[in-house]
Amino acid sequence: MSRSYPIAVLAGDGIGPEVMTEALKVLEAVASRAGVSFSFNHQLVGGAAIDAAGKALPEATIAACEASDAILFGSVGGPKWEHLPPNEQPERGALLPLRKHFGLFANLRPGICYPALTASSPVRADLVEGGFDVLCVRELTGGLYFGQPKSRETLPDGDIQVIDTMVYKKSEIERIGHVAFKAAQTRGKHVTSVDKANVLTNSVLWRETMIEVAKQYPDVTLAHLYVDNAAMQLIKAPRSFDVLVTENLFGDILSDEMAMIAGSLGMLASASLGRPKGDGLYFGMFEPSGGTAPDIAGKGIANPIAQILSAALLLRFSLGMEKEAAGIEAAVRQVIGNGLRTGDIFTGAPDTRLVNTAEMGAAIVAELP
Ligand code: IPM
Ligand code: MG
């Protein structure tokens, strides 16, 4: 009997289900080549779960995730659920609780601009020539997203006051720092830590701590940028970054910027990891960094690459299937090299061809080693 890996599949809303279909085809093809099997446990999440079960993150979904080696996540949210109270909406009702529940503090977002895709980048060609490869390491369970107190109140004079709180413990900064430095050791050996230490108390501790952590990695160089400057440098000199490490909200913003400069949000995968399980593997949640793209949902034209590359990260980090993960990444590179483009990355350049979601998925399966 071949080894079977339980994977919770949470396709969610918008383009989630259609790009998930392609990722699952890729995983099935990988399984048959590797002589293993994946047992996909499909569960409701987000708006789809609100419609079918009354809430964005049903207990059955959490239980299925707990019983799995990893979560393959699509995307959640959309205009249909925006009238709900904020805490019941798909993002706050499902995605953030999942991150918190499983302690997924380390969010890895590889921003890769393939040399063949530099024309899809909105940045001037000479600035992205040859492409680039930046790994954004975003802290995912702290900061303004989760800090307490959070409140909204009407003051005696009738004005309205809202509070979000930015909280970090030194230990939380240390552990994300180690993730960034360890990743840098396997890549370009350079970490850029992004903060706002000229204003925020949080950032002063962030910077001190990164400097301390860096001492344990003498082979890795460390630079610091204020977040406003980092936003500029990403556009002006994306090739000067290797690993970028930052707190939750800054990472949310900069990773979208990075994805856009790389050519399209539809290309950006992500891995959200907790503590290592001891065998070098991680329980994790793997999802495209882009959203549900309601404008093109259901049309079969979305780019499935971010979802497929997220499946590759799942194999690497949660199942230890490095060879198969690298195989998927190579197949994606090859298909891009062959000129296939979904609408988001199609520029009409010579030797390229516009394809739909299913055609892109099939082409990647065909290129698997
Ligand atoms: C992301 C998303 C989420 C975030 C939203 C949907 C809550 O933008 O994963 O980057 O802000 O973390
Ligand atoms: Mg975001």
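Everything here concerns the structure above.
Residues numbered from 1 in each chain as written. Chains lettered and ligands numbered in written order. Predicted model: local features only at pLDDT ≥ 70, side-chain atom pairs only at ≥ 80, totals over all residues. Heavy atoms only, no water.

K.L.:
What is the right way to look at empty space enclosed by the protein in this model?
P.N.:
If a probe as big as a water molecule is rolled over the atoms, it shows which places are left empty. Taken as a whole, this structure holds one cavity of 30 Å³ or more when the rule is applied. Approximately 50 Å³ is the volume found for the largest cavity. As for the largest cavity, its lining consists of Met 166, Tyr 168, Val 194, Asp 195, Asn 202, Ser 203, Trp 206, Glu 247 and Phe 250. Elements with a minimum of two residues in the lining of the largest cavity: β8 (190–195) and α6 (201–214). The element best represented in the lining of the largest cavity is α6, accounting for three residues. (1 Å grid on protein atoms, 1.4 Å probe; cavity = no way out; pocket = protein on both sides within 12 Å on 5 of 7 lines; lining within 4 Å. Points joined across faces, edges and corners; volume = space filled by probe spheres on them. Helix = DSSP H or I, 4+ residues; strand = E, 2+ residues; numbered from the N terminus.)

K.L.:
How do you make sense of unusual backbone geometry when you look at a structure like this?
P.N.:
Glycine aside, negative phi is the norm for most residues, and most peptide bonds take the trans geometry. Each neighbour pair has its own omega, and for Gln 148 with Pro 149 the value is 0°, a cis peptide bond. Along the chain, Pro 149 falls in the loop between β5 (132–139) and β6 (151–154). One non-glycine residue with positive phi stands out, namely Lys 189, at about 60°. Relative to the assigned elements, Lys 189 resides in the loop between α5 (170–185) and β8.

K.L.:
It is not clear to me how the site of ligand 1 should be interpreted in this structure. Could you clarify?
P.N.:
If you check the shell around ligand 1, you find Glu 91, Leu 95, Arg 99, Arg 109, Arg 138, Tyr 145 and Asp 252 and nothing else. Between ligand 1 and Arg 109, the relevant distance is 2.7 Å, taken from an oxygen atom to a side-chain nitrogen or oxygen of the residue. The separation between an oxygen atom of ligand 1 and a polar side-chain atom of Tyr 145 is 2.5 Å. Contact with the protein chains removes 76% of the 320 Å² of surface that ligand 1 exposes when unbound. The leading source of residues in the shell around ligand 1 is helix α4 (residues 90–101), at three residues. Tallied by class, the residues present in the shell around ligand 1 amount to two nonpolar, no polar and five charged. (Near = heavy atom within 4 Å. Polar contact = N/O pair within 3.5 Å; in protein donor to acceptor, adjacent residues only side chain to side chain. Areas by Shrake-Rupley, 256 points an atom, 1.4 Å probe, with all protein chains shown as cover. Nonpolar A, V, L, I, M, F, W, Y, C, P; charged D, E, K, R; others polar.)

K.L.:
Explanation requested: the sheet that holds strand β2 (residues 37–42) in the structure shown.
P.N.:
Within a beta sheet, neighbouring strands are joined by backbone hydrogen bonds and run either parallel or antiparallel to one another. If you trace the 10 strands from one edge of the open sheet to the other, you get β2-β1-β3-β12-β11-β4-β5-β10-β8-β9, paired in mixed fashion. The open sheet is flanked by β2 and β9 (221–226), the only strands paired with a single partner. Recorded for the sheet is a direction-independent mean angle of 25° between the axes of neighbouring strands. Bridge analysis of strand β1 (residues 4–12) against strand β3 (residues 70–75) gives five bridges, and the strand direction is parallel. Each residue of the ladder has a partner; that of Ala 8, found in β3, is Ile 71. (Pairing = 2+ DSSP bridges. Axes fitted to C-alpha atoms, helices over the stretch in contact; angles between N-to-C directions.)

K.L.:
Can you walk me through the environment of Arg 316 in this structure?
P.N.:
You can see Arg 316 is positioned in helix α9 (residues 305–318). Exposure remark for Arg 316: the relative accessible area of 22% places this residue in the partly exposed category. Once residues within four sequence positions are removed from consideration, Arg 316 is found in contact with Leu 281, Met 321, Glu 322, Ala 325, Ala 326 and Glu 329. (Buried < 20%, exposed > 50% of the residue type's maximum accessible area, 1.4 Å probe, protein only. Contact = heavy atoms within 4.5 Å.)

K.L.:
Mind showing me how you'd approach the packing of aromatic side chains here?
P.N.:
Each aromatic ring pair is specified by the distance between its two centres and by the angle formed by the two planes. Tallying each qualifying case throughout the model produces six aromatic pairs. Their ring planes at 35° and their centres at 6.1 Å tell us that Phe 38 and Phe 40 sit as a pair that is tilted. Accessibility expressed as a relative area gives 18% for Phe 40, which makes it buried. Their ring planes at 20° and their centres at 5.2 Å tell us that Phe 181 and Tyr 217 sit as a pair that is stacked. Residue Phe 181 is found in helix α5, and its partner Tyr 217 is found in the loop between α6 and β9; the two are separated by 36 residues along the sequence. (Phe/Tyr/Trp six-rings, centres within 6.5 Å; stacked < 30°, edge-to-face > 60°.)

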